[in-house]
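Examining the three-dimensional arrangement
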Amino acid sequence: DTEVTQTPKHLVMGMTNKKSLKCEQHMGHRAMYWYKQKAKKPPELMFVYSYEKLSINESVPSRFSPECPNSSLLNLHLHALQPEDSALYLCASSQAWRGGNQPQHFGDGTRLSIL
Amino acid sequence: AQKITQTQPGMFVQEKEAVTLDCTYDTSDQSYGLFWYKQPSSGEMIFLIYQGSYDEQNATEGRYSLNFQKARKSANLVISASQLGDSAMYFCAMREGGGTSYGKLTFGQGTILTVHP
């Protein structure tokens, strides 16, 4: 079982809906990440939180709003999404954002479909 | 220019045989790390193995080993004694130690491995 837990596993929403993706880790990691992944493509980095502060925003549209309430939790709030936003959303964590040999540990992802 | 290149979109191997997945990288940093991840159809990215740029020995983790050739900038993954459960997408990734990409993981395009019984 993965040590990074993502909920829900699947989400179908309309373009006018508001929903949130949730990610939780209990490994004491201080860096958390959101990635977007299209089918048969590598993950694309969206956001990085380090010590609960937003460190990186890869020019993600404002309809995606990340939140890190504490060191174990990471949310991604979704509003007014477009069909092209349908993808697998992966959360990851690592001991530190720039720790050289520390791997990122990923969750199972949320498969998001926008109608 | 691509920083991580995986030239094999798909690979096939017979069960119990060994297979090598290719990865070449491009960086001007002296300090960097190379990672391999496995992604089954279920979606989870599973960390397999890590090689640091200063590591003199090739990394090994169980049936996985990394053939690190620094001068050629290659970091190939070798899977010994393939199992049906090894069928998945495999990504090579690099974390650079400086510059504008400092800390970020750059992924290759991936190789789909299919293990035949």
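Note: the structure precedes this text.
If you're wondering where the values come from, they're calculated on a predicted model, not measured in any experiment. (Residues numbered from 1 in each chain as written. Chains lettered and ligands numbered in written order. Predicted model: local features only at pLDDT ≥ 70, side-chain atom pairs only at ≥ 80, totals over all residues. Heavy atoms only, no water.)

Right, let's get into the overall build of chain B. Helix and strand counts for chain B stand at zero helices and twelve strands. Along chain B, helices and strands appear, N-terminal first, in the series β-β-β-β-β-β-β-β-β-β-β-β. Overall, chain B is about 45 × 30 × 20 Å in size when its C-alpha atoms are taken along their principal axes. Taken over 117 residues, chain B has a buried fraction of 49%. By sequence separation, contacts in chain B at least 24 residues apart represent 54% of the contacts at least 6 residues apart. Carbon and sulfur atoms make up 49% of the accessible area of chain B, which totals about 5500 Å². (Helix = DSSP H or I, 4+ residues; strand = E, 2+ residues; numbered from the N terminus. Buried < 20%, exposed > 50% of the residue type's maximum accessible area, 1.4 Å probe, protein only. Contact = heavy atoms within 4.5 Å. Areas by Shrake-Rupley, 256 points an atom, 1.4 Å probe, with all protein chains shown as cover.)

With that settled, the discussion passes to the pattern of salt bridges. This structure, assessed with the given rule, holds seven salt bridges over all chains. For Asp108(A), the salt bridge goes to Lys9(A), with nearest N and O atoms at 3.6 Å. Of this pair, Asp108(A) sits in the loop between strand 10 (105–106) and strand 11 (110–114) while Lys9(A) sits in the loop between strand 1 (4–7) and strand 2 (10–13), and the two are 99 residues apart along the sequence. Overall, Asp108(A) belongs to the partly exposed group, its relative accessible area being 24%. Measuring nitrogen to oxygen at the nearest pair gives 2.6 Å for the salt bridge that ties Lys3(B) to Glu96(B). (Salt bridge = Lys/Arg side-chain N within 4 Å of Asp/Glu carboxyl O.)

By convention, interface size is frequently given as the accessible area that disappears when the constituent parts associate. Contacts between the two partners involve 21 residues from chain B, matched on the other side by 24 residues from chain A. Roughly 1900 Å² is buried in total at the junction of chain B and chain A, and carbon and sulfur atoms are behind 56% of that figure. Looking at the side of chain B facing chain A, the largest losses of area belong to Arg95(B), Tyr102(B) and Lys104(B), adding up to 27% of the total buried there. In this assembly, chain B and chain A are joined by one salt bridge. (Buried area = accessible area lost by both parts, 1.4 Å probe.)

Nothing here speaks to function; it is all geometry.
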